Structures are given as structure tokens and as C-alpha cells.
Amino acid sequence: MGLGGSCRGRWHLLVALLLQLGCIFWRGRAQMEDGKSVYFWETGPWGRCMGSDCGPGGSQSRAVWCAHVDGWTTLHTNCDQAQRPSNQRNCFRVCDWHRDLYDWRLGAWNECVSVSGRTSGAPRPFTCSGGEEGIQTREVGCILKSDGSPAEDAICEYFEPQPRLEQACLIPCPQDCVVSEYSPWTSCSKTCGTGLRNRVRSVLVPPLFGGAICPNLTEFQSCKPGSCAGPEGMYSLRVGPWSPCILPQTRTARQAKRRKGKGQGGVKDPETRELIQKKRTRNRLNRQESSFWDIQVGYQTRDVTCIHRNSSSVGRSLCIQREAALTIQSCVLPKDCQVSDWSDWGLCSKACADPASPRGDRTRSRQVLQFPVGDGAECPPLDEREPCEPEGDAVTPCAAYTWRTTEWAECRVDLLLSQQDRRRGNLTGLCGGGLQTREVYCVQANAELLKYIKDMREKDKASRPVENWLCEGPIPERSQLCQVACPIECQVSPWGAWGPCTFENCDDQAGKKGFKLRRRQITNEPTGGPANCPHLVEGLPCDEPGCYDWSLVGLDRCIPAEQRPCGPGTQLARVRCANSHGETVDKSLCSSTPPLEPVACEVPCSRDCVLSDWTTWSTCSQTCSSKTMEGKQMRTRSILAYNAGEGGALCPNSSALQEVRNCNEHACTVYHWQTGPWGPCTEDPSTASSLNASVAAAPTSTGPGSCSKGMQTRKVICVRVNVGQVPPKKCPDGPRPSTVRPCQLPCKKDCIMTPFSEWTSCPVSCDAAGNAVKRKQSRKRLIIQMPSNGGQDCAELLEEERDCQLPETCPGFRWKTHKWRKCQLVPWFLRQDRPGAQEACGPGLQTRAVSCRQLDGTQVDVSECLKSARAMPAITQRCQLPCQDDCQLTNWSKFSSCSADCVGVRTRKRALIGRSKKKDKCKNTQMYPLSETQYCPCDKYNAQPVGNWSDCILPEAGRAESTLGLKVQEDIKECGQGYRYQAMVCYDQDSRLVETSRCNSHGYIEEACIIPCPSDCKLSEWSNWSRCSKSCGSGVKVRSKWLREKPYNGGRPCPKLDHVNQVYEVVPCQSDCNQYVWVAEPWSIWKVSNVDLKENCGEGVQTRKVRCMLNTIDGPSEGVEDYLCDPEEMPLGARESRLPCPEDCVLNDWGPWSRCSLPCTRSKSRARATYTLRSPSVGRLCPNNTEEEPCSLNLNCFDYFFNITDWSTCQLSPSAVCGKGIKTRMLDCVRSDGKSVDMKFCEEMSLEKKWQMNISCVVECPVNCQLSEWSAWSECSQTCGLEGKMWRQRSAVQASQGDGRPCPSQMEQWKPCPVRPCYRWQYSSWSECRVESVVCGHGTRYRNLTCFVSDGGEQGEGSQVDEELCGGLELSVDGDKRIRLKEACTLPCPGECYLMEWSDWSSCISICVKEAGVDFVSVRVRSRAVLAQEPENLQLCPDQAWESQPCTGGECYEYKWLSSARPNSSRPLIWCQRSDGLNVTGGCPPVTPMVENSACDPPCVPPTSFCSEAGVCTCEEGFTEVLSPSGLLDQCAPIPVLEIPTASDKKGDVKTSRAINPTLPATTQPGRTGRTWYLQPYGPDGSLKVWVYGVAAGAFVLLIFVVSMIYLACKKPKRPQRQRQQNNRLKPLTLAYDGDTDM
């Protein structure tokens, strides 16, 4: 009950709530419908400015409409007309010519402003990561160009869009100072009492862009080793710095007094005076008399004070007096370098005028007037250079260089042959595509012009070659494809039939013999004209010649005599007059020949035997007759009807049905003219009139450049076939060939050569003794055109060589040092008061002279050595004049000799001199050793290979490539046996690198190797051509090759093969449709069935033999297989018919059917006819002598058309490899049923032949890759060391084409350089600061310059060797020529706080943003830390210092926090580490402080994270946790915020909700970044939008559904009532009935 009550209570509450929402819905809807606040005016963009004039007089319009707040357009009357915007306004009409008047003015970009800084509201704390995104703006406006006044932006926008006003930028994050880890603690500054320990660190990255300053670099810690046994030393002596060098003030006066005191008395003895003069001259040479060195020796002093531990000065007496410190010393008065004024500018190195060529330069110099002395300023640069152009009117144009070429060499086909081509053995007759080469060289293009300007002489024929590197631009082709014309063989037709017996000349018939002639035609014109064809005419002598004769055309019908109906009669012959060639001529020409007589015939009567007409005579069985053979012809006829038993003419016997006659009765004596080859073209000594008419009629060439005319002769003889030469009178004169013809003499071509090039340069090199090394120089010339046709030959000398002229003195300069002068002390009057000073001894200074000499010893100006020689030797040095108490020793002697290497020792000695021999301290051999011993040098060397093997290199050809000509090398050896090399290295017994000659090695190990030769693809020879696929018309014939061997090692590739590795060639072929014909013999005698012996007539059968025969021009000649003939055209071999009975009508055989006219239709018909041979008796009729049948397409009526085949493949001459060929196609005559027929059917229809049957084509030549020669070996990649390599290259002069051999992949080769030791000068470490005789103060530290040897590798500094080995090197260390072997230093006094020396420069570091790929700056830094010794003096310490400098190639590092468990502690150890593994302080992002009394392990490193009270890392408000796979906090991501804008936001609409760029700040929550979705339920008037009501209604329905479900779930089921059980049983039936009203 309680549950049900609570559910009902909830239901009432939900209903009340929904009713309230419904009231709100209808109230809001009513508010929207009140007034017109829901409508507003909308405007479109302004249109284009229109108007008739350019300028401000234009107008533009725009669309204005009324819209509902929901976005749909409504009537204008719904909007407030008073607030309607204007739809027109005035404007500036822009025209195209305004483009030149107006333009955009772009302002400079302003400072990059942070995006967050541009938004309103308090910014959220920002964590910079790499760089902060910003925006920079600029001003952009349209201006009038003439005065810069502003104009409307629309004017400029007419021509181009407005440039952007803002762009993104990146603001670098503040870079805090980053320092290294602390060094270990120093030892305690005191051995007893209370002292300090220090540890220091250095600056790695300076503070940049407002980052935090550097922390303290020093950390102090007090220490107390123990109590002091006695009082601590509180005082110490400190020496100060040396004062500047000064001259003694009284020096000049003292010298004057000394000279005055000598008086006027001099040495008057001449010999003594001469000796004094020589000594002065000798001393002058050793003194610095030159004005370059004005060396003045002065003195300098320093103070020595007593210092308390607290750095205060006290009395000198408090300090323990040790050995007296030097307080005064000699010095060189410093003088700065002085130079003269600049000289005038020299001449410009470019002495010609050409703006396109690079500018020249000119120099000027100045001289040294005073060299720097002491610590004086160094000399400035003595030379200055600037670019220049020549000036003046007489400047000649610059020499220009261009490529020139020689003439192309002869075209060679053999270069294209494959390896397997059989024609390689016999190159004669090769033709088609080939390759030709030429040389390319460089010349001075305007040499002739410059030469003419210079000396006004004629220019030479050819320019002299110059070095190839002077020419720029692409190099002309050095090889090209060419064509050798293939000879075309003469092809002739078969012989024609013998003509009639005719005169040789019908115009001159008197006494001339006759000839029968037969001819043949040229079907393929040969190369060189018809003269290269065989004879075309053959003649037979004959009797009774005639020029014209009657030719039988046919016979008329037989007409019986005396007008009887049957019986004997005659047939008239139809004739035409024909000449000897068979051509019809006027009948009058045959008037001399009697016409043909009528032919006797017979018309059979009704009871007579009827015979058919004679067949035509068969072809003659022989072409000529002899004693053993004679020609025969035959003709036949057959019986068509037998005679009646009585009264009729009888049928002849079978022999009378055949006639034979002789033919070709002439003898087999055939004659023809035979010609020999044309002889060479020679000069014609006679005049042109002496030539025959044919020669005189030949045109002569008068064109420009034509050479002289000549003539050619040949032998012409008369030949009898199968016999040989016979007298000329046997042959007909008419077709006799000519024996002479004009020709063009080939032009003479003289050899053309270039002039000799300039002599090659002679670089002067000197040996160690200073003598010039002998060299040679050469010059060359090239052949431009080879001589031919008797032209002038080339000179044999193409290259000359001569010795270079050696200079008298080898160029080079060296410094020469003179003797050191006497050691000069500080004047006694200045040092006599110093403690321990002695007048004639002590430290001093000595000087010496230095001069510049040539290598031969000649003295030259000092400036030459400054430019060319090494560093100038020192001109001053410290010296010591020994005092009486000092020990004096002789110089060291030379080392004694060694008896053998590596065995024993060698010694050198010195001795005490003077009083030193008696002094005890001088006898102390430890301080003053009198002998030195060292092991004898050990010259044991060990050679071993180093590095990789080189490429396999073929032996050199023995000649270097000329720099004066580039040409294609045809037969460069590219394979075979070569050698590969490995460098040898030589070490001494101390494993130091030495020259390889010490190991008796030339520097290499060589080993034979093989470069495999390329093998081309190998195919078989072509198979024979197959038979043409068709016997009539166009077909194809095929031949093939098959693969024998695949290519390898870069050989020529195979052509495209099929699946069985074969390549085919298919060409069209034409078969003559009349080549094979059916020949039928005469019909046999009738075989009559049901023979009526009385009548011999009735149904019968005739047979005949049908054979397939080869057809020739003389007719069918021999039988062949039947399948070669067309089976459709095979004549019948048997026929059944009725043999006419006596008195029946006998008709001749049917004639041919007439041709159906086109187009073929059933309405048309064709007919055939016959005629009556025997008329019937009275009462009997003849059948119809004509027969018709309808035309039916493809049955008896055919259409014909031409069919053109596809083009064949490109066909070459058998002697050609590639190049020009011919593509052919065939023309067929095709019947309408698709059958190919004889061409005559199409020709009879006069069809147009519009197709070209042959076209030229080109077969791509298989050009092998042509390579240049190997270049000369390059310089070694390293001047010394183990890894030096030399390279040489070659290039592809001609790339491979077609199936040519491809270029090899190896276009460069390397081999190792001979190993040379790497010598270098290297500083030793600085010594400790030395302060003589005292504890602290200003002192000096020293270092040595040592010669080191190494193998050139990066690892290892090398080994120290004798300085002589570095003698050839410039005196510099790491490129620095200023050698500093000592420098001032400060030794701190006990208790002082002081700055350490500068640390080493840090590595170059780049401040960058890796994600954006932006580098802001690259720097390196060094620092000086503070060291303290006394706790009381910490306040007196100087400030620490650092300095930075820009650098290149900096590394971009990242920083991150790391942590580890701290032993015995719950708090972890946290530190910052750089990405290169270096632990640092600074650079890592700031860490949020952990909450007290809690510890997170690992620490909370991500930004915006903190350690919660539960000891778990969590994120600040507004961020969500992103965990790593291990469950640890990885990062804090911002939470997207759903913002509901206010009603004032007119642009808000659910249809335009968008994701704001996360990089832009949000508007309602300043400082919060992330994605924001805008859902705007209010319209611009502040009322709710329709979609809000829809959403509310949907929610209402959803709530009702939920409440219903809750109600049903909460409802208690009712108990069933027994009395209503029957009704309940009936209810389902009722429901079922209600559900179906049709029941």
C-alpha cells in the first residue's frame, strides 16, 4: 500500500509539472505571435558598380527582403517599412586603366601578440610548451600611386583581392638559464682550522627571452680537518703585475756625457782604424738598422706586498722573507704596427667589356712602416680587393668561347651489330642505320674579331682550340645515328611473248634484216638507275620482216554459198592493223600486206554430222626450234550430232577432230646486248659536241658550288644466249645501250686542321735544394676535315712537345735570421738598489735581425716574405748573464753514434767552465747533469693492409685524355682482367704512423680480379619464310627466331618474346589468283545410253579430263596439285545431255552469261545465248537460243570492292640492321561473298585506288651505350690519413637506344690513396700558474707546441714525434696562426676569494620548437665560477660571470623530470634530465608543489597536475586525467565546455553550431581553452525558437511513457473472482469477433 501510494504521489507531481510546461509553451507561442518582432530586414551584398563614365559617378544596388527569425522569407509588408535599408548607393566605377593608378600599400608586420593576450578577461595561468601561438597584424590599404593618398579598397579589389591583414606567428617561450651538475667537492682550503670546500657548475644555456637568471654556480661548505698545532700562517707575499715598459729617462743624457768625456782624441793608426771599421760593419749587419724594427729595450717593475688572510695589506716585515723576487727586468718597448697609405688601385683583372661575364677585381696594397714590437697592435690587412669593370673607350670586347665540332666521321653499321651477328666476319655490303662520331672542341668565338681589331689582318681558316673548361653550355652531340643507303636490287618481270618479225627501223627498211623481239620491264628500280639491271630486250633474227600486219580479231558466222540454207560456205575474218608492238594503227599502214582471205566452212544440213568450232591453238611446246626439237601447237573439235543413216554428211574419224601445227620455227639463236659496269668519272678532254646526242642532251649543273663535269664509259657487247660474245652486227641496233654518259666529278676535299693550341702552362716547382724541377709543355691541333677525292693530305704532326724554360731563380721566399745580439740588462743605476742585484749579471733581453731572402739567397723586400713565407721568427728573447755564483756550462755536444739500431744507448755531454768547476753546488749532477743518455733509435717497421679493396680497375690505356677535344671512344675495353688495390700502412715500433716507404712498400697490395664481360641476348637465325597463307589475294607469311641464350652482365636485352621464347616476323604476301588455273581437255565422244542403232542419238554422257596447271605468260605450262586451284572454279569433268537425232536442231554450246548490272536485285536478270549449227527438218523446231535467270546476290550476281590489309612491320634490307625501311600493305579484290578474286574484276568496275601501298618507316637502331673515357684520377679526398680515396668518373656520351646494350651501373671507380701520416702542431696543456719566489700574485703560465702524428681518424689524438716532421707545416693550431705559448695568470693568495678560469665553451644549443620545425636562435656559452677559501671573505667575492656567442648547427634538446626512490625516505628523488642524458638544473617545466604531509610516487610531473591528499596525482579543475597503459597519470587534457549563449547573440542557431578552434580562447570563460559547442534556443528578439518547443514536446511524450511504465510496475495485481470466471472465459471470443467483422 505504501509503494502504491508513493507511486500515485509521484504521478500527480509529474502531471502537474507537465501541465506547467504546456502552459509555458502556449504562453511563449502567444508572445511570438503578438506584434511583428519576429520579422526583420535582410540585405544581400552590393552588386557591381555600374555607369557610363569611369570614376565616382557610378551606382550599385543590392537585394533587400523581409525574413522570419526562423530563416524563411516572407512578404515585405510583414517588416517595418520605416526601417527598410536602402538598396542603391553611389560608387566609384573602376575601369581597366585604373590599374596603373591604384595599388595596395602593405604595412610592416606588427609585433607578434599572444592569442590569449588579445582576448578580454583575466587570463588563465599559461604553461608555455615550445612556443606560444600568436597573431601579428599589418595595415593594408588602397592608395593612389601618384601621391600615396588613400582610396576606397573596392578600387584595388577590382583588380586583385585584398592581401591578408594578419598571420599566425610563434612567440618563443622564456628560456630559463640551464646549468650543469655540480662538480665533486674540492679539498678543504685549509689543512687545519676552519676552511671551505667548494663545488662548482657551469652554464649550459644562457637565459633568453625573459627567462630566469642563472643560479649560483658555486656552493660552499665549511670544513675543519682538525685543530692547528700552532698559530695559523696569516700573512703571505704577493707580487703585482709588471708595469708598462718604459725607457730610462736619463739614457740620452748619459750617452751624451759618455761621448763628450771621450774627448777629441781618436785612433790615428790606419790599420787600427781599418780593423775598427770592419768590426762596425759586421756589427751593423747583425743589428736592427732597418726602419722596420725600431726596437728599444726598456725596463719594467712590479711591486711585492705582504697580504693578510683577510686580503688587507700589512707591513712587509710581517711576511717571512724568502728568496728575493725579481722586481725589475728588461723589456721591449711596445710599438704598434704602422702601415703606409693605400697605393692607387691596380688595373682591373678583367681587361675586356662584356656585361654578361663575371666582374673582374682590382687590388691595392700598403707597406709596413713599423712592425709590431712587443705587445704592440698587429698589422691590419696589407691588401684590399674590390670588384671592377674596365673603363675607357679603347676596351676591347671580351673573348667568348663556344663549342666547335669536326666533321662527322664515316657512317659505320658494324657498331650496331650484336655479338652473335654473323656479319661481324664480313662487313662489306652492310647498310641501313649506323653510327657516326665526331670530335668536339672549344674555341674562342670572337677570336677573328679581336685579331682584326688588334693587327688588321685576315682571319685564319679555323680557330685554334683552347681548354675545354673555358666553354660553357651544353656540349654538342659527339655521336649520332646515320644511314648508309641500302642498294636496291633490280627486279624485272618475266619475258613477254615474242613479237612479230619486224624491221629494226621501220623508217629504213631497205636491205635490213628482221628481228623478233621480246621484252621485260623493270618492276623495281635499282640503286644507280636502270644501268644496273640485266638486259631487257632479246632479239631473234627472222626472215620477211614487216613493220605492220593484219591481226585477226575474230571470224563471222559461216555463210553457205549460193544462198543455200546449208552446205559449204565461207567465214569472213574480222581484222585490225597492228604494229610490231601489237598496237592498233591506221589500216592504211597495212595496205602493202594482202588482207586475210575468207576461211572455208560448212553449215551442216539437217541430216549431216555436226561438229563444234575449233578450240584456240594451245601454247607452243617450245620457244624455239632446233634439229632435235621443234615447237608444236594443237587444237581440237568434237561431234555434236551424228548424221542420219542415209543422205547426210558423215562424221569424220577421231583423227580428223584434232589438228597439229608447227610453231616457233625460228632457230634458238637469241641475241642481246650486255653492258659492263660504268667506269670512274674522269675529266672529259674533248668538248661536249663530241659526245653523242644522248650525252649532249643531258643537262649540266650550274648551281653554286658545283664541281666540274666529267664522263663515264662502259663496255657494251653483243651476246648470244648460251654461247657468249658475238659480233655486234648480230644484235639489233635499236635497243643498243649507250657506252658513254656525263657525270659529276667529285669535289676535292683538302684536309682542314686547326692551328696549334697555345703551349700548356709550365708550373714551376722546386726541390728541397731550391732548384727548379724540369718539366715539359705541349700543344696540339685537331683534324676538322679529312681529305678525300685527291685533296691535300693532313700533316702527320698533331702534337708537339718541348722543355719548359726554367727560371734563373726558383720562386719562393724564406726568412733568414741573424746572430743574437749581446744580452742587454736593465741599467745598473736603476737596479742597484734592488736586493741581490749585481752590476754585470742577471736576466736581460737580446735582439736579432731578420731579413727576407729568395730561395737562392738573394735579399728582397720584407713584404715578399710576409705574403709568401711562414710566420716571422722571433726577434727578441730572454737571456741570462751568469753571475759569479752561477754555474756556467758548455753547450751540449752531439749524441754519440750507435753501433746498431735498437741496441745500446747513445750519449751527449757538457762540462763546467771557469770557476764553476770549483763550486760545490755546480757539482750537483742532479741539478746540473753533465751527460744525457737515451736509447738508440729503433727503426723497426711493420706493414699491414688497411681499408677495403678498391673497385676492379682495368689497366690504363697508356694515354691521358686530352683537354682539347672530346670524342667518342668506340672500343674502350670495359671487361676482362683488372686489378684491385688495398692500401698499406706502415707503423714504427711505437705504433706510430710513418711513411710507407719505410716499409719498402709503394703503398698498395694489388690483386687480380675479373670484370665480367657483357653477353648479349642470343637468338637463332631466321627460319625460312612460310608459304603465303592464301593462294589468291593477300595473305601473310611468317618466319621466326627462338631464344638460345639470355643476356647477362648488362648485355643487349632480348626483344619481346612469346610464351615459348620465340619472336616472329609477319609480312603480307600477294598470290596471283591466276597463278594456278584449271585446264580442261576436249569432251570425249558421246556415250549414248539406250542406243538407237539406227539413229545414234538420245540421252548420253560426255567426259573430259580437268587438271590444275601452273599458269605462265605463255599459258598453262605444267601440272600441279589440284588443291592449289580454286575448287569453286573447277570445270565439270562430265556432263549429261541429249545427243540430237538426225533432222533435229543442233545448237552450239551456250555462250557465257551476261553480267548482272549492279546493284543486284531479283528484278534484274542475266542471259546467255547460242546459235543454230544445224537447222531442223520441216516440222521440227529449234529450242530457244536464249536463256534468262534472275540476278541473285552472291549466287550469280556479285559486287566487288577493294580491301586494304594492315601495314606490315617495317621491312629492312637483308644487309641492314636498322634504319629506314618500308612498310607495305596489299590491295585485294574481294567479292561480295567474301572471296578474294582476281584484281581484274575490281578494275573492270573502275574502282578508285586511293590508297598508298608503301610508306617509309624507321626501325629503331640498337645503339649500345657509348661511354667517355675514364677521367683522370681526382685529388685524394684527404691529404693524409687512412681513409683517403681517389675517384674517377665517366659519362654516357650516347645513351642506349632500342635494344642496345644499356649503360653499366658503375660510372665511377675509386681506389685508396697511399697512406700518409697526418702531422699537426698541437698545444700541450697550460702549466700551473708560476709566481717566482713568492706564494701568490700575478704570474705566468706556459704551454709547449708539439708535433703530433695521427692516422686522420676522429678518435685518438695521435702520438708525439720529432718537431722536424712538422717542419713543412704552417705554424698554426686548429687554423689559428697566432701562437700563444705563455699568458699572464693570477695565483690566489691564501684566503682570497677569486674567479676560476673560463670553462670550455658548451656545445651549440638551438632554442627551437620541434613540432613546428622552428629554430629561434643557436648559442653556446661559457662561464666563470667563484672559489672561496675563507668563510670570513665570502662577502668580498667577485660576481660570477658568463658570456655567450652565436653558433651554427645547434642541437635542439628537450627536458623532462625523472625520479627514483630515495633510500630510507618516503619522498622520492626528483631531477631534471636533458634529452642527451645530461642531468641539469633548469629547463624542465615547473612542477606544482606537492601537498604537505603527502607524497606521490612517482612525482606529479604533467602541467596542471598536483598531488592529492591521498597521495595520488590528479588534475586541476577544468582538466581531466589521461592515464598511461601502466595506470599512471600521463597528461591533463582540457574538458570541453557546453555553452548556451544569451539571447543577445543573434548569430546563434542550432543549425550553425560549430566547434571553436581549440587554440582560440573561449568567450564566456576567460583563459579556458578547448572545444565549445553553441546551442542557441533564443531568437534575435529574445523569444524561444520553434525547435525548443519540439524538443519539449518530445520530452513530454517520453515522460508519459516512463510514468506509464512505472505505474504498471507499481500496480498490484487484482485477485481473480470466481463468480466472474465464466465471463472471463467468453471474453477472448468476444475480442476475437471484434477483431474480424466478417466472422
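Rules behind the numbers
- Residues numbered from 1 in each chain as written.
- Predicted model: local features only at pLDDT ≥ 70, side-chain atom pairs only at ≥ 80, totals over all residues.
- Heavy atoms only, no water.
- Helix = DSSP H or I, 4+ residues; strand = E, 2+ residues; numbered from the N terminus.
- Buried < 20%, exposed > 50% of the residue type's maximum accessible area, 1.4 Å probe, protein only.
- Areas by Shrake-Rupley, 256 points an atom, 1.4 Å probe, with all protein chains shown as cover.
- Disulfide = S-S within 2.5 Å.
- pLDDT = per-residue confidence, 0-100.
- Contact = heavy atoms within 4.5 Å.
- Pairing = 2+ DSSP bridges.
- Phe/Tyr/Trp six-rings, centres within 6.5 Å; stacked < 30°, edge-to-face > 60°.
- Lys NZ or Arg CZ within 6 Å of the ring centre and 35° of its normal.
- Axes fitted to C-alpha atoms, helices over the stretch in contact; angles between N-to-C directions.
- Salt bridge = Lys/Arg side-chain N within 4 Å of Asp/Glu carboxyl O.

Participant: Pulling in residues and values, what's your account of the overall build of the protein chain?
Facilitator: What the protein chain contains, in helices and strands, is 12 helices and 107 strands. Within the protein chain, the fraction of its 1639 residues that count as buried is 31%. Taken as a whole, the protein chain presents about 103000 Å² of accessible surface, with 51% of it coming from carbon and sulfur.

Participant: Could you give me a rundown of the state of the cysteines, with the residues and numbers involved?
Facilitator: Taken as a whole, this structure holds 53 disulfides when the rule is applied. A sulfur-sulfur separation of 1.7 Å characterises the disulfide bridge that pairs Cys-841 with Cys-883. The disulfide joining Cys-841 to Cys-883 has a torsion of about 95° about its S-S bond and is therefore right-handed. Of this pair, Cys-841 sits in the loop between α8 (828-831) and β57 (842-854) while Cys-883 is found in the loop between β59 (876-881) and β60 (905-909), placing the two residues 42 residues apart along the sequence. Neither residue differs from the other here; Cys-841 and Cys-883 are each classed as buried.

Participant: Residues and numbers for the confidence of the model for the protein chain, please.
Facilitator: The share of residues in the protein chain with pLDDT of 70 or more is 83%, and the mean pLDDT across the chain is 79. In the model, residues 687-705 has pLDDT below 50 throughout and makes 17 contacts with residues more than four positions away in sequence or in other chains. Predicted confidence is poor over residues 1489-1494, with pLDDT under 50, and the contacts of this stretch with residues over four places away or in other chains come to 8 contacts.

Participant: An account of the sheet that holds strand β92 (residues 1382-1387) is requested, with residue identities and associated values reported.
Facilitator: Backbone-to-backbone hydrogen bonds pair the strands of a sheet. The strands run either parallel or antiparallel. Strand order in the open sheet made by the 5 strands is β19-β18-β16-β89-β92, with mixed pairing throughout. Sheet topology places β19 (313-314) and β92 at the edges, where each strand pairs with a single neighbour. As judged from the 6 bridges shared by strand β89 (residues 1336-1342) and β92, these two strands associate in the antiparallel manner. Bridge assignment links Gly-1339 to a residue of β92, and that residue is Cys-1385.

Participant: Break down the packing of aromatic side chains for me, with residues and values.
Facilitator: Inspection of the entire model under this criterion finds 6 aromatic pairs. With a centroid separation of 6.2 Å and 75° between ring planes, the pair formed by Tyr-39 and Trp-72 is classed as edge-to-face. Here Tyr-39 is found in strand β1 (residues 39-43), whereas its partner Trp-72 is found in the loop between β3 (64-68) and β4 (73-74), with 33 residues between them in sequence. A relative accessible area of 42% places Trp-72 in the partly exposed class. With a centroid separation of 5.0 Å and 85° between ring planes, the pair formed by Tyr-158 and Phe-159 is classed as edge-to-face. Here Tyr-158 falls in the partly exposed class, since its relative accessible area comes to 32%. Taking the ring centre of Phe-756 as reference, the NZ or CZ of Arg-779 above it sits at 4.3 Å.

Participant: Please provide a residue-by-residue account of the pairing of strand β90 (residues 1345-1350), values included.
Facilitator: Counting buried residues in β90 gives 6 out of 6 residues, a clear majority hidden from the surface. Residues Leu-1345, Cys-1347 and Val-1349 of β90 are buried on one face, and the alternating residues Thr-1346, Phe-1348 and Ser-1350, pointing to the opposite face, are buried as well. Sheet topology note: the strand β88 (residues 1318-1323)/β90 ladder contains 6 bridges and is antiparallel. Within the sheet, the bridge partner assigned to Tyr-1319 lies in β90 and is Val-1349. One ladder, built from 3 bridges, connects β90 with strand β91 (residues 1359-1361); its direction is antiparallel. By the bridge assignment for β91, Cys-1347 is matched with Val-1361.

Participant: Break down the sheet that holds β90 for me, citing the residues and quoting the values.
Facilitator: Pairing within the open sheet is antiparallel, and its 3 strands lie in the order β88-β90-β91. The open sheet has two edge strands, β88 and β91, and neither has a second partner. Adjacent strand axes in the sheet meet at a mean angle of 45°, parallel and antiparallel pairs treated alike.

Participant: Tell me about unusual backbone geometry, and please be specific about residues and values.
Facilitator: Most peptide bonds take the trans form, and the phi angle of most residues other than glycine is negative. A cis amide bond links Leu-1158 to the next residue, Pro-1159, at an omega of 0°. Within the secondary structure, Pro-1159 is located in the loop between β75 (1146-1147) and β76 (1165-1169). Notably, Phe-209 is not glycine yet its phi reads approximately 55°, a positive angle. Looking at the element boundaries, Phe-209 is found in the loop between β14 (203-205) and β15 (218-226). For Phe-209, a relative accessible area of 38% translates into the label partly exposed. We note that Asn-1061 has phi near 60°; this positive angle belongs to a residue other than glycine. On the secondary structure map, Asn-1061 appears in the loop between β67 (1033-1045) and β68 (1062-1071). By relative accessible area, which is 34% here, Asn-1061 ends up partly exposed.

Participant: Give me the pattern of salt bridges: which residues, what numbers.
Facilitator: What the rule picks out here adds up to 37 salt bridges. Glu-659 is the salt-bridge partner of Arg-635, the closest N and O atoms lying 2.9 Å from each other. You can see Arg-635 sitting in strand β43 (residues 631-636) and its partner Glu-659 sitting in strand β45 (residues 658-663), a full 24 residues away along the chain. For Arg-992, the salt bridge goes to Asp-988, with nearest N and O atoms at 3.0 Å.

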